[in-house]
Amino acid sequence: MNFKLVLASTSPFRQHLLQKLMLPFDCVSPDIDETPLQNETAPALVQRLAEQKALAGAQLASKTDKPQLVIGSDQVAVINGQIIGKPHTIDNAIAQLSAASGQAITFYTGLAVYHNTTQQMLSCIEPFTVHFKTLTHAQIRYYVETEQPLWCAGSFKSEGLGIALFSKLEGDDPNTLIGLPLIKLIGLLEQQGMDVLSQH
């Protein structure tokens, strides 16, 4: 079946990752409140937000005769029991990386694919663990001021200079850390009826 693919995200990182699949897609910007619910765990938060983004994206997508598959994704880290999202400021980014220094930090990425015709929602949670080197304050400040990772959960860009912050990465798919677990995404698309290797 021929589908229209929609990415419910304006993240340039997720757009770049999805382009790896060599499929045409539209982008829409879902306006979702990302505030955690009371006592909500990190995995539950990212799964809920990914599903909400996919549903919102389906409402925003331009109408077409083709069935649409809408992709939603969200990511947070957990540092010392606290859910950590995007820092937004240099001071927050420095504080996040200072808290992560010398620790193994798990990132949780929620992924959802919504079929607008069947109204079936498929979703999953993909963990990825980052082992940070023990970093000096000067190293952290230099990194933050150089790469300005202010819109990245955890305050780094692993596809850039951020790789210098780590001693080891643990996970099934390195794309997960950048924001879109492609291996899991391909599986969810297949479950919804789209084979990415036969869509060209």
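Data block above holds the structure.
Definitions and cut-offs
Residues numbered from 1 in each chain as written. Predicted model: local features only at pLDDT ≥ 70, side-chain atom pairs only at ≥ 80, totals over all residues. Heavy atoms only, no water. Helix = DSSP H or I, 4+ residues; strand = E, 2+ residues; numbered from the N terminus. Buried < 20%, exposed > 50% of the residue type's maximum accessible area, 1.4 Å probe, protein only. Disulfide = S-S within 2.5 Å. Axes fitted to C-alpha atoms, helices over the stretch in contact; angles between N-to-C directions. Parallel < 35°, antiparallel > 145°, perpendicular 65-115°, else oblique. Left-handed = near helix turned anticlockwise from the far one by under 90°. Contact = heavy atoms within 4.5 Å. Nonpolar A, V, L, I, M, F, W, Y, C, P; charged D, E, K, R; others polar. Expected span 1.5 Å × (residues − 1). Polar contact = N/O pair within 3.5 Å; in protein donor to acceptor, adjacent residues only side chain to side chain. Salt bridge = Lys/Arg side-chain N within 4 Å of Asp/Glu carboxyl O.

Caption draft 1: Seen up close, unusual backbone geometry. Although it is not a glycine, Asn80 adopts a positive phi angle of roughly 50 degrees. Secondary-structure assignment places Asn80 in the loop between strand E3 (68–79) and strand E4 (82–84). By relative accessible area, which is 55% here, Asn80 ends up exposed. In this structure, Gln148 is a non-glycine residue whose phi angle is positive, near 50 degrees. Exposure remark for Gln148: the relative accessible area of 37% places this residue in the partly exposed category.

Caption draft 2: Highlighting the state of the cysteines. The final tally for this structure, using the stated rule, is zero disulfides. The structure places no disulfide on Cys124, whose sulfur is separated from the nearest cysteine sulfur, that of Cys27, by 19 Å.

Caption draft 3: Broad picture of the packing of helix H3 (residues 90–100) against helix H4 (residues 137–147). It is the contact of H3 with H4, at a shortest axis distance of 10 Å, that shows an interaxial angle of 135 degrees. With respect to H4, the element H3 is oriented oblique. Remark: the crossing between H3 and H4 carries right-handed chirality. Each of Ile90, Ala93, Ile94, Leu97 and Ser98 in H3 lies in contact with H4, whose residues at this interface are His137, Ile140, Arg141, Tyr143 and Val144. Partitioning the contact of H3 with H4 into residue classes produces seven nonpolar, two polar and one charged.

Caption draft 4: Looking closely at helix H2 (residues 42–60). Between its first and last C-alpha atoms H2 spans 27 Å; for 19 residues at 1.5 Å apiece the expected length is 27 Å, and the two agree. Those residues of H2 that fall on the buried side of the exposure criterion are Ala42, Leu45, Val46, Arg48, Leu49, Ala50, Lys53, Ala54, Ala56, Gly57 and Ala58. Buried-residue contacts for H2 involve E3, E4, strand E5 (104–115) and strand E6 (121–132). Of the residues that open H2, the one with a side-chain oxygen 3.2 Å from the backbone nitrogen of Ala44 is Thr41.

Caption draft 5: Molecular detail of the pattern of salt bridges. Following the criterion strictly, the structure yields seven salt bridges and no others. In this structure, Glu126 and Lys184 form a salt bridge, with 2.6 Å as the shortest nitrogen-oxygen distance. One end of the pair, Glu126, is in strand E6; the other, Lys184, is in helix H6 (residues 182–191), with 58 residues separating them in the sequence. For Glu126, a relative accessible area of 3% puts it in the buried group. The closest approach of N and O atoms between Glu145 and Arg141, which form a salt bridge, is 2.8 Å. On the criterion of helical spacing, the pair formed by Glu145 and Arg141 is a turn pair, its members being four residues apart in helix H4. A relative accessible area of 41% places Glu145 in the partly exposed class.

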